[in-house]
Structures are given as C-alpha cells and as structure tokens.
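Listed below are the residues making up each chain.
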Amino acid sequence: MPFKIINTDITKVNTEVIVNAANRSLLGGGGVDGAIHNAAGYELLKECKNLGGCKTGEAKITKGYNLPAEYIIHTVGPVWQGGFSDEEDYLKKCYENSLNIFKSLKLKSIAFPLISAGIYGYPKDKAINIAVSVIKKFLESYDADIFLVIFDRNDFILNNPLFNDLDSYLIKNSVKIPVNNSGVCKIPGNYNINYSLYKKANTDKKFFIDIINNKEICDKNTAKAISIALELDVYNSENFLSECGFSLSDRSDIIFRYFTEKNFYDIFEINKFLFKYGEPLLGTTALKI
Ligand code: AR6
C-alpha cells in the first residue's frame, strides 16, 4: 500500500506508469506535458494523434517509448476558475480514472505530477489535498507503490494550522537529545503486531511481514511507522523505539514525537509535514526511486 511524496522530475521516474497532466487535444504542450513528450520522443505524439483527444477529468493510456516508465496515462485536469465550476470533482476524477486504468491492467507502481497545479492555476494546497486523499482511499483496497512527484519544492504548500504550531514546537525542542541508535533492529516480542497493520504503517506488505517475523532488519524509520500503526502514545512509542534500540534524536524524530503527543496517527498527513521539512517519509515502498 505505500505512498510517498518525492521531489524529482517525473520523466526520470522508473515506475511502471507515469501520469501526464495533458490538455484535451493530447497533442503536447508546456509544463510536465512538454517534458514528457520531449523525453518520450516523437513516437508518443504519433500514438496520441490516434486517441481522439480526452475530456476534462478523463484519462487515456499510451506506451512510454523512450521513458523509463512502460506506460503513460494522460489525464486532463480542470482549469481553475475560482472553485465555482466543479473543479474539485474534475480533479478528483483525474486521479480516480487514472488509478482505475492502472488497476485494470493489474499494475503495481505509478507516479503522479500535481495535476492542474501549474499552468491550469489550481491552488497548490488544495491540489495536494485532493491528490493525497484520492490516493489514500484507493490504497485501502489495492496494493501498489504510488508516488506524488513534486517538481519544485516551493509548490508544496501546506495550508494547515498545525504547520505554524509544529514550527514553534521544533524551535522549542531543538536541543539535541543523546542519541541511542544501537539498533537492536528487531521488533520486541511483547507487541502483538497483526500483519494487517501494514497499510497503516504505509509499508510494503511483504516487507512488513518479514519485519514482524524478524526476517528483515527493522530500521528506525520502519520502527516509527509501526509505532504509528499501533497508535502508541508518546510514552509507549518512546518505550517501543527504545526496545528496538533507537531513541528520538533528530528533527524528523521531533516531528514524529509532535504527532504522537497529539495522538495523531494518520501517516499520510504526517508524511506531508515530513516532506515539507525535507525529512525522510515514514513507510517503505517495494520499488526504490
Ligand atoms: N516532473 C514533475 N512535475 C513537473 C514537471 C516534471 N518534469 N514539470 C512541471 N511539473 P503543469 P497543469 C509540475 O503546468 O497545471 C500543459 O501545457 C509543475 O510544477 O505541467 O495541469 C498541458 O498541455 C506543476 O506542479 O500542468 C496543459 O495545457 C505540475 O507539474 C496544461 O499545461 C502541473 O503543472 C496543463 O496544466
């Protein structure tokens, strides 16, 4: 089920599918569309000419040609018109229809750009929230590695009151705590961890099962993801991590502690904040990007 937000150029991403934020002609344009057509080559335009265009909110698939990705799903986002023209519904449909094609082909990895958030002017914070919420819902019933590609970190705007609060928390808690990363690297036996928690830990199913059976080394990031999945409060999460051989020390740990203090266990939301601060996200995808 894992979902990660990454900062890169989507044309370089080696998922099976990348998604293009196209226009209704499907014949190329600027932004990510231009970058994808340039990188894929002329053969892509030839195939697109036979598709007969695409309506806003719908999606069509082509081969990836010279891209690392095998396929491209082209979808057409709405142009922002102040929010009064069903833009939200159309943008949701872009993600949903792309994911439906992806699922129908039984594919396992896909990367999205932030559809409509460039030339089409959709407010970036709203576009991020729609992308994450549709992807999160989809992953409840289908296992895949899904990436949201943020090309320019400045586009990652979080309009969330917790953000200012977390900022002051980080300033108050910036004192270095002695580090214990002795890394027993094993999940302590006294926690009854059900394998179905892999979704809540944003972790690949097979990797998660190997971790809880101690067939794989549990790194600190995974230990924190499991602690979130178990909904351990701040006291118990620190005990759990300490039993795994880790203590909370760096900035990403302080962000983790901030959310456990609040009993906040939505790993997708926590990862938005970690991305914003340039810290590693919690969870593990099967595909390494
Ligand atoms: N990799 C990942 N993301 C990118 C890349 C890249 N190489 N290049 C840009 N982005 P936009 P839209 C980001 O304008 O708003 C085209 O002309 C960019 O920073 O590409 O849906 C089409 O033909 C932004 O966050 O798409 C349409 O006419 C996001 O991709 C129109 O633009 C989307 O920006 C579609 O506009």
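From a predicted model like this one, the values you see are computed outputs, not experimental measurements.

What counts, and where the lines are drawn
- Residue numbers run consecutively from 1 along every chain, following the written order of its sequence.
- This being a predicted model, a pLDDT of at least 70 is required before a residue's local features are given, and a value of 80 or more before pairs of side-chain atoms are given or counted; all residues contribute to the totals for chains, interfaces and linings.
- The basis for the side-chain values is all heavy atoms of the structure; hydrogens and waters are excluded.
- By the criteria applied, helices consist of DSSP H or I runs no shorter than four residues and strands consist of E runs no shorter than two, each listed in order from the N terminus.
- Each radius of gyration is computed over the set of C-alpha atoms, and the globule rule expresses the reference value as 2.2 Å times the number of residues to the power 0.38.
- Relative accessibility thresholds used throughout: buried, under 20% of the residue-type maximum; exposed, over 50%; partly exposed, between the two (1.4 Å probe, protein chains only).
- The contact definition used throughout considers only heavy atoms, calling two residues in contact when any of these lie within 4.5 Å.
- Areas reported here follow the Shrake-Rupley algorithm with a probe of radius 1.4 Å; residue values treat only the protein chains shown as occluding.
- As used throughout, the charge tally considers Lys and Arg to be positive and Asp and Glu to be negative, leaving His and the chain termini uncounted.
- For charged residues, the charge sits on one atom: NZ in Lys, CZ in Arg, CG in Asp, CD in Glu.
- Segment limits for the domains were obtained from an automatic or database-derived domain assignment.
- Once two parts are brought into contact, the accessible area they lose, counted with a 1.4 Å probe and summed over both, makes up the buried area.
- The rule for a salt bridge is simple: a side-chain nitrogen of Lys or Arg has to be within 4 Å of a carboxyl oxygen of Asp or Glu.
- Two N or O atoms count as a polar contact when they lie within 3.5 Å, although within protein this holds only if one can serve as hydrogen donor and the other as acceptor, and sequence-adjacent residues are included solely when both atoms are side-chain atoms.
- Residue polarity is assigned by list, with Asp, Glu, Lys and Arg as charged and Ala, Val, Leu, Ile, Met, Phe, Trp, Tyr, Cys and Pro as nonpolar; anything else, Gly included, falls into the polar class.
- We call a residue near a molecule or strand when any one of its heavy atoms sits within 4 Å of it.
- Residues are said to line a cavity or pocket when one of their atoms sits within 4 Å of a point; the points come from a 1 Å grid over protein atoms alone, cavities being sets where a 1.4 Å probe fits but cannot get out and pockets being open sets with protein on both sides within 12 Å along at least five of seven lines.
- Molecules are considered to sit inside a cavity or pocket once more than half of their atoms lie within 2 Å of its grid points.
- Under the pairing criterion, centres of Phe, Tyr and Trp rings, with the six-membered ring standing for Trp, must be within 6.5 Å; the plane angle then separates stacked pairs below 30 degrees from edge-to-face pairs above 60, leaving the rest tilted.
- Paired strands, in this sense, are two strands between which DSSP finds at least two bridges.
- Helix axes are fitted to C-alpha atoms over the stretch in contact, other axes to C-alpha atoms as well, and angles between N-to-C directions run from 0 to 180 degrees.

**Concerning the overall build of the chain**
Next, step 1: From N to C terminus, the chain includes 10 helices and six strands.
Next, step 2: Taking 289 residues into account, the globule formula puts the C-alpha radius of gyration at 19 Å, and the chain, at 20 Å, falls close to it.
Next, step 3: By residue count, 51% of the 289 residues in the chain fall in the buried class.
Next, step 4: The long-range fraction of contacts in the chain, counting pairs at least 24 apart against all pairs at least 6 apart in sequence, stands at 71%.
Next, step 5: Accessible surface computed for the chain: about 13,200 Å², of which carbon and sulfur atoms make up 51%.
Next, step 6: With 34 positive and 34 negative side-chain charges, the chain shows a spacing of 3 Å between the two charge centroids.

**Notes on the domain arrangement of the chain**
Size of an interface, as often reported, equals the accessible area lost when the parts are brought together.
Next, step 1: For the chain, the assigned domains are domain 1 (3-155) and domain 2 (161-276).
Next, step 2: For the pair domain 1 and domain 2, the two sides together bury roughly 1,100 Å², of which 54% comes from carbon and sulfur.
Next, step 3: Where domain 1 packs against domain 2, one counts two salt bridges.
Next, step 4: Note that K136 is salt-bridged to D266, the shortest N-O span being 2.6 Å.
Next, step 5: In this structure, the connection of domain 1 to domain 2 is made through seven residue pairs in polar contact (both at pLDDT 80 or more).
Next, step 6: Of all the elements in the fold, those that place two or more residues in the side of domain 1 that touches domain 2 are β1 (3-6) and α4 (124-139).
Next, step 7: Per-element tally for the side of domain 1 that touches domain 2: the top contributor is α4, with five residues.
Next, step 8: Here the side of domain 1 that touches domain 2 is composed, by residue class, of eight nonpolar, three polar and five charged.

**Some points on the site of the ligand**
Next, step 1: Contacts to the ligand come from 20 residues, most closely from N23, G30, V32, D33 and I119.
Next, step 2: Here an oxygen atom of the ligand sits 2.7 Å away from a polar atom, N or O, in the side chain of D33.
Next, step 3: Separating an oxygen atom of the ligand from a backbone N or O atom of Y120 is a distance of 3.0 Å.
Next, step 4: Calculation on the ligand without its partners gives an accessible area of 690 Å², and the protein chains cover 91% of this total.
Next, step 5: Among the detected pockets, the ligand sits in the largest pocket.

**Re the packing of aromatic side chains**
Next, step 1: Applying the stated criterion across every chain, the model contains 14 aromatic pairs.
Next, step 2: Seen from their ring centres, F102 and F138 are 6.4 Å apart, and the 50° between their planes marks the pair as tilted. In this pair, F102 sits in helix α3 (residues 87-104) while F138 sits in helix α4, placing the two residues 36 residues apart along the sequence.
Next, step 3: In this structure F102 comes out as buried when scored by relative accessible area, which is 0%.
Next, step 4: Aromatic pair F163 and F273: ring centres 6.4 Å apart, planes at 40°, arrangement tilted. Residue F163 is found in helix α5 (residues 161-172), and its partner F273 is found in helix α10 (residues 267-276); the two are separated by 110 residues along the sequence.

**Comments concerning the side chain of T11**
Next, step 1: Summarising the element assignment, T11 is placed in the loop between β1 and β2 (17-22).
Next, step 2: The exposure class assigned to T11 is buried, which follows from its relative accessible area of 8%.
Next, step 3: Only 2.9 Å separates the side chain of T11 from the side chain of D9, close enough to count as a polar contact.

**Looking at the sheet that holds β2**
Next, step 1: Strands sit in the order β1-β6-β5-β2-β4-β3 across an open sheet of six strands; the sheet is mixed. Each of the sheet's edge strands pairs with one partner strand only, and the pair in question is β1 and β3 (59-63). Between one strand axis and the next, the sheet turns through 25° on average, direction left out of account.
Next, step 2: As paired strands, β2 and strand β5 (residues 109-112) are joined by two bridges and run parallel to one another. Its bridge partner lying in β5, V17 is registered against I110.

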